[in-house]
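# Structural characterization, general
This is what each chain is made of:
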Amino acid sequence: MSESSLTEQDSRASQEECLRVAVLGGGSFGTALASIAADNGGEVRQWLRDAELAAEINREHRNSRYLPDYAINPAVQASDDLSVVLDGAELVFVAIPSKAFRAVVRQARPWLGADQILVSTTKGIQEEGFKLMSQILEEETGFPHIGVLSGPNLASEIAQKQLTATVVASDDALTRTRVQTALGCDYFRVYASNDRYGVELGGALKNIYAIAAGMAAALGMGENTRSMLMTRALAEMSRFAVALGANPLTFIGLAGVGDLIVTCSSNLSRNYRVGHALGEGKTLDEAVEALGQVAEGVNTVSLVCHKARQDGIYMPLAEGLYQVLFKGVPARQMAQLLMLNEQSSDVEFTLPRELVQQARQEEGKT
Ligand SMILES: NC(=O)C1=CN([C@@H]2O[C@H](COP(=O)(O)OP(=O)(O)OC[C@H]3O[C@@H](n4cnc5c(N)ncnc54)[C@H](OP(=O)(O)O)[C@@H]3O)[C@@H](O)[C@H]2O)C=CC1
Ligand SMILES: O=C(CO)COP(=O)(O)O
């Protein structure tokens, strides 16, 4: 066989393997994700409602609004037309903030089909019915290949090609492998999980504690405090998630403790920045306005506290943050109150809280 026909064959083979990927959302994460899939050889289209920004991405390979300092793979084709972006897409990522997620999925629905793989990247919760975004994908489409992408994934670091890992969670094996194929490359690793609910809840819950961590840093609290906050946050997140049906072991993975670490430690996290601004004395409205992007944790803390009260789940950190954000309790005063709270079990999956409480009550009687 001649060299040229071998080359032709190779290029046909690679065209056949090339996945057609659509990303809905033109924010920092949607843009970073589109660029990874294109770096990986995918045929990538990205939908933005802002036609001017779409034209800029196509012309300058840059998203000046959300990721101004990073080059986007020039193969990413952006458009404000959903029919163009979704035409022939095998894999669709939805990277739209939770408040607009359902509306965008409804808008896209006429161009979605049951053989497509639909994956949410959004770390938020819908108020009505306490729904996670993949549940909305399921409700709006009824399709079988649904998944979630979540993990320690600061968009600007991905855009710099910093070595990063994430989790694709689905009970559908095809969804897991397709996402691994589309995104796994020399700077981005994709681990698989079948606990979709736990992975998705982990991504939403950690935003609450990132706000608290930002606040603690601004108040000059030290490393011991940060470690205590993050570890007790993990205990609280997993307690809540397990009460709602998630697997506790998910929380020792990237989408649990992994995402909690990055979001509670970095000024690149928007939730952390909102907390930091509050700790510096800004009001919640000022902090959110200064951010100019979505910080899902602000909404999530209300929804989670409401749900925890309803279902009788003990969530002192989330409740304390709620009191600071929405009831005007000073953060330092709340921290003192939390320190004087019941002294309880470290890992309650090995020593249940109730046993510690019971023993302390008995000691009190004697
Ligand atoms: N950024 C990050 O590091 C990471 C983010 N995530 C998650 O990804 C999700 C999306 O985040 P991200 O990309 O960062 O968000 P951004 O705030 O950066 O951008 C939001 C995007 O959604 C668009 N949008 C908002 N409302 C609508 C609407 N009604 N119709 C159409 N488009 C709309 C915005 O468009 P417009 O500009 O026109 O308003 C913008 O393109 C979040 O839930 C976040 O938790 C997950 C991992 C990392
Ligand atoms: O989820 C994130 C990192 O994994 C991004 O967090 P923020 O939404 O707080 O920026």
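No experiment lies behind these values; they were computed from the predicted model shown.

## Some thoughts on the pattern of salt bridges
- One pass over the structure, following the stated rule, counts 17 salt bridges.
- Between Glu43 and Arg45 there is a salt bridge, and its shortest N-O distance comes to 3.4 Å.
- Overall, the relative accessible area of 24% leaves Arg45 in the partly exposed class.
- Across the salt bridge formed by Arg232 and Asp346, the nearest N and O atoms sit 3.9 Å from each other. Taken together, the residues Arg232 in helix α10 (residues 223-243) and Asp346 in the loop between α16 (331-339) and α17 (353-365) connect sequence positions 114 residues apart.
- With a relative accessible area of 27%, Arg232 lands in the partly exposed category.
- The exposure class assigned to Asp346 is exposed, which follows from its relative accessible area of 56%.

## Comments concerning the pairing of strand β9 (residues 164-169)
- Taken across its six residues, β9 has six buried, putting it largely inside the fold.
- Because side chains alternate across β9, one face comprises the buried residues Thr164, Thr166 and Val168, and the other comprises Ala165, Val167 and Ala169, equally buried.
- As defined by bridge partners, strand β8 (residues 146-150) adjoins β9 across three bridges and the pair is classed as antiparallel. Residue Leu149 lies in a different strand from β9, and its bridge partner there is Val168.
- Note that the unit made of β9, helix α8 (residues 173-183) and strand β10 (residues 188-193) has a crossover that is right-handed.

## A short note on the site of ligand 1
- Neighbouring ligand 1 are 24 residues, the closest being Arg49, Arg65, Tyr66, Ala155 and Arg270.
- Within the backbone of Phe29, a nitrogen or oxygen atom sits 3.0 Å from an oxygen atom of ligand 1.
- Within the side chain of Arg49, one N or O atom sits 2.8 Å away from an oxygen atom of ligand 1.
- Relative to its unbound accessible area of 890 Å², ligand 1 is 86% covered by the protein chains.
- Breaking the shell around ligand 1 down by element, the ones donating at least two residues are α2 (28-39) and α5 (98-108).

## Examining the packing of aromatic side chains
- With the rule as written, the count across this model stands at two aromatic pairs.
- Seen in terms of ring centroids, Phe130 and Phe240 are 5.9 Å apart; in terms of plane orientation they differ by 65 degrees. Their pairing is edge-to-face. In this pair, Phe130 is assigned in the loop between β6 (125-126) and β7 (131-132) and Phe240 in helix α10, connecting sequence segments 110 residues apart.
- Where Tyr322 meets Phe326, the ring centres are 5.2 Å apart and the plane angle is 45 degrees; that geometry is what we call tilted. Of this pair, Tyr322 and Phe326 both sit in helix α15 (residues 316-327), four residues apart, which is roughly one turn of that helix.
- Exposure remark for Tyr322: the relative accessible area of 16% places this residue in the buried category.
- Residue placement shows Lys307 over the ring face of Phe130; its charged tip is 5.7 Å from the ring centre.
- Sitting above the plane of the Tyr322 ring, Arg309 keeps its charged end 4.9 Å from the centroid.

Rules of the game
- The numbering scheme is per chain: residues are counted from 1 as the chain's sequence reads.
- For this description, chains carry letters from A and ligands carry numbers from 1, given in the order in which they are written.
- Restriction of local features to residues with pLDDT of at least 70 applies here, the model being predicted, together with a cutoff of 80 or more for giving and counting side-chain atom pairs; totals for whole chains, interfaces and linings are based on all residues.
- The side-chain quantities take in all heavy atoms of the structure and omit both hydrogens and water.
- Salt-bridge detection follows one rule: a side-chain nitrogen of Lys or Arg within 4 Å of a carboxyl oxygen of Asp or Glu.
- We call a residue buried when its accessible area falls under 20% of the maximum for its residue type, exposed when it is over 50%, and partly exposed in between, using a 1.4 Å probe and counting protein chains only.
- Think of it this way: any DSSP run of H or I at least four residues long counts as a helix, any run of E at least two long counts as a strand, and we number them from the N terminus.
- Note on pairing: two strands pair once DSSP finds at least 2 bridges between them.
- For a crossover, the right-handed case is the one in which the path from the first strand over the helix to the second runs clockwise, viewed with the strands pointing away from the viewer.
- The cutoff for a nearby residue is simple: one of its non-hydrogen atoms must lie within 4 Å of the molecule or strand.
- Definition of a polar contact: a pair of N or O atoms within 3.5 Å, with one able to donate and the other able to accept a hydrogen when the atoms are protein atoms, and with sequence-neighbouring residues admitted only if both atoms are side-chain atoms.
- Computed with a 1.4 Å probe, the accessible areas rest on the Shrake-Rupley method; for each residue, only the protein chains presented here act as cover.
- Each Phe, Tyr or Trp ring (for Trp, its six-membered ring) is paired with any other whose centre lies within 6.5 Å, and the angle between the two planes then decides the class: stacked below 30 degrees, edge-to-face above 60, tilted in between.
- Whether a charge sits over a ring depends on NZ of Lys or CZ of Arg being within 6 Å of the ring centre and within 35 degrees of the ring normal.

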